[in-house]
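Spelled out, the chains give:
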Amino acid sequence: MARRLSKIPHGVAFPSDQKFLAAVDRYVEQELKKAGFGKDVIADVAISVSEFVNNAILHGNRQDESKLVRLELYHAPGQVTICVEDEGEGFEPDKVASPLEGENLLKEVGRGIFIAKMLVDSVEFSRGEKGGTRVKLFKKLPV
Amino acid sequence: MKFKTDEKDGVVIVTPKGKILDGSDTNKMRDKIEELVRIGARRMVIDLGGVPHMDSSGIRILVAALNGLRKEGGELRLARITTKVEDLIAITQLTGQFKTHPSVEEAVRGFSSPN
């Protein structure tokens, strides 16, 4: 039986397993569709969220299934805010190398956070309640 | 995401279907491409017509295929690339690295023409 996302206020929580990525993607798409967002915006936000959730699973919680990833989603007319929080050791976003520079361009890995930032309007990193990384991403509807 | 592989006129055609997100299916596709190159594939087309969007794991597959084929003197071409995937390739400044074609047939024919 497939494991399910657990509902929390304004969002979901789930163990640190990549198996949940597809379910998270569907959840974000459904919620944004219900909120009236267009197809293009939904696609961009869903990919951005997927990158941060994957980062939380792999690098934050290091795939320790006893640790949860929490995803909260808030929307108002014309804008959406999504928070992704892990229970890891914290993260220093400034130390991530640019995937566009020199030999990084054709490296297989290292683009996730860059892509996630490019697809939304703003991204803020902070420490979560349990000391992990909390990422807050914000997207406005195009005028 | 699911994928299949075919061969036409000496060209391997890899056809993923569905949004590409990181996980076991993505790893399977990457491993399959790596295996195909290892056993001799040198001309490959990835048909992206059934991929509405992808995350960085999709870019990772494309770059791994590109690097793997180049290393062996081979070549990768992309066919039927969708708008969102094209945007992602542009964002990551990889547009100039990939030869793209509007159809699989044209991509396959491209191997026998100078460009």
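Just above sits the structure.
On a predicted model such as this, the values are computed, not experimentally measured, just so you know.

Conventions used here
- Residues numbered from 1 in each chain as written.
- Chains lettered and ligands numbered in written order.
- Predicted model: local features only at pLDDT ≥ 70, side-chain atom pairs only at ≥ 80, totals over all residues.
- Heavy atoms only, no water.
- Contact = heavy atoms within 4.5 Å.
- Buried area = accessible area lost by both parts, 1.4 Å probe.
- Salt bridge = Lys/Arg side-chain N within 4 Å of Asp/Glu carboxyl O.
- Helix = DSSP H or I, 4+ residues; strand = E, 2+ residues; numbered from the N terminus.
- Phe/Tyr/Trp six-rings, centres within 6.5 Å; stacked < 30°, edge-to-face > 60°.
- Buried < 20%, exposed > 50% of the residue type's maximum accessible area, 1.4 Å probe, protein only.
- Lys NZ or Arg CZ within 6 Å of the ring centre and 35° of its normal.
- Pairing = 2+ DSSP bridges.
- Axes fitted to C-alpha atoms, helices over the stretch in contact; angles between N-to-C directions.

**Considering the interface of chain A and chain B**
- Facing 26 residues of chain A, the contacting portion of chain B comprises 23 residues.
- Summed over both sides, the interface between chain A and chain B buries roughly 2,000 Å², with carbon and sulfur atoms accounting for 61% of that surface.
- Contact with chain B buries surface across chain A, with I47, L106 and E108 of chain A losing the most and accounting together for 32% of the total.
- For the interface between chain A and chain B, the tally reads four salt bridges.
- The salt bridge involving D44 of chain A is made with K84 of chain B; its shortest N-O contact spans 3.0 Å.
- Elements supplying a minimum of two residues to the side of chain A that touches chain B: α1 (21-34), α2 (39-60) and α3 (112-118) of chain A.

**Remarks on the packing of aromatic side chains**
- Scanning the entire structure with this criterion turns up three aromatic pairs over all chains.
- On the basis of an interplanar angle of 35° and a centroid distance of 5.7 Å, the ring pair of F14 of chain A and F20 of chain A is categorised as tilted.
- For F14 of chain A, a relative accessible area of 1% corresponds to the buried category.
- An aromatic cluster is present here, built from F52, F91 and F125 of chain A joined pairwise through their rings.
- The positively charged end of R77 of chain B is found above the aromatic ring belonging to F111 of chain B, 5.0 Å away from the centroid.

**Some details on the pattern of salt bridges**
- For the structure on display, the rule yields 15 salt bridges over all chains.
- Salt-bridge contacts for K130 of chain A lead to E87 of chain A; the nearest nitrogen and oxygen are separated by 3.5 Å. With K130 of chain A in the loop between β5 (122-127) and β6 (133-140) and E87 of chain A in the loop between β4 (79-85) and α3, this residue pair connects regions lying 43 residues apart in the sequence.
- Taking the relative accessible area as the measure of exposure, E87 of chain A reaches 17% and is therefore buried.
- In this structure, K4 of chain B engages D6 of chain B in a salt bridge whose closest nitrogen and oxygen atoms are separated by 3.9 Å.
- Residue D6 of chain B is classed as partly exposed on the basis of its relative accessible area, which comes to 37%.
- Salt bridges here are not isolated pairs; linked through shared partners, they connect D25 and E29 of chain A together with K19 of chain B.

**What about the sheet that holds β5 of chain A?**
Residue and element names in this part refer to chain A.
- Spatially, β1-β2-β3-β4-β6-β5 is the arrangement adopted by the six strands of the open sheet, whose pairing is antiparallel. If you trace the sheet from one side to the other, it starts and ends with β1 (6-8) and β5, each paired once. If you compare each strand with its neighbour and ignore which way they point, the axes differ by 20° on average.
- With five bridges joining them, strand β2 (residues 11-15) and strand β3 (residues 68-76) adopt antiparallel strand pairing.

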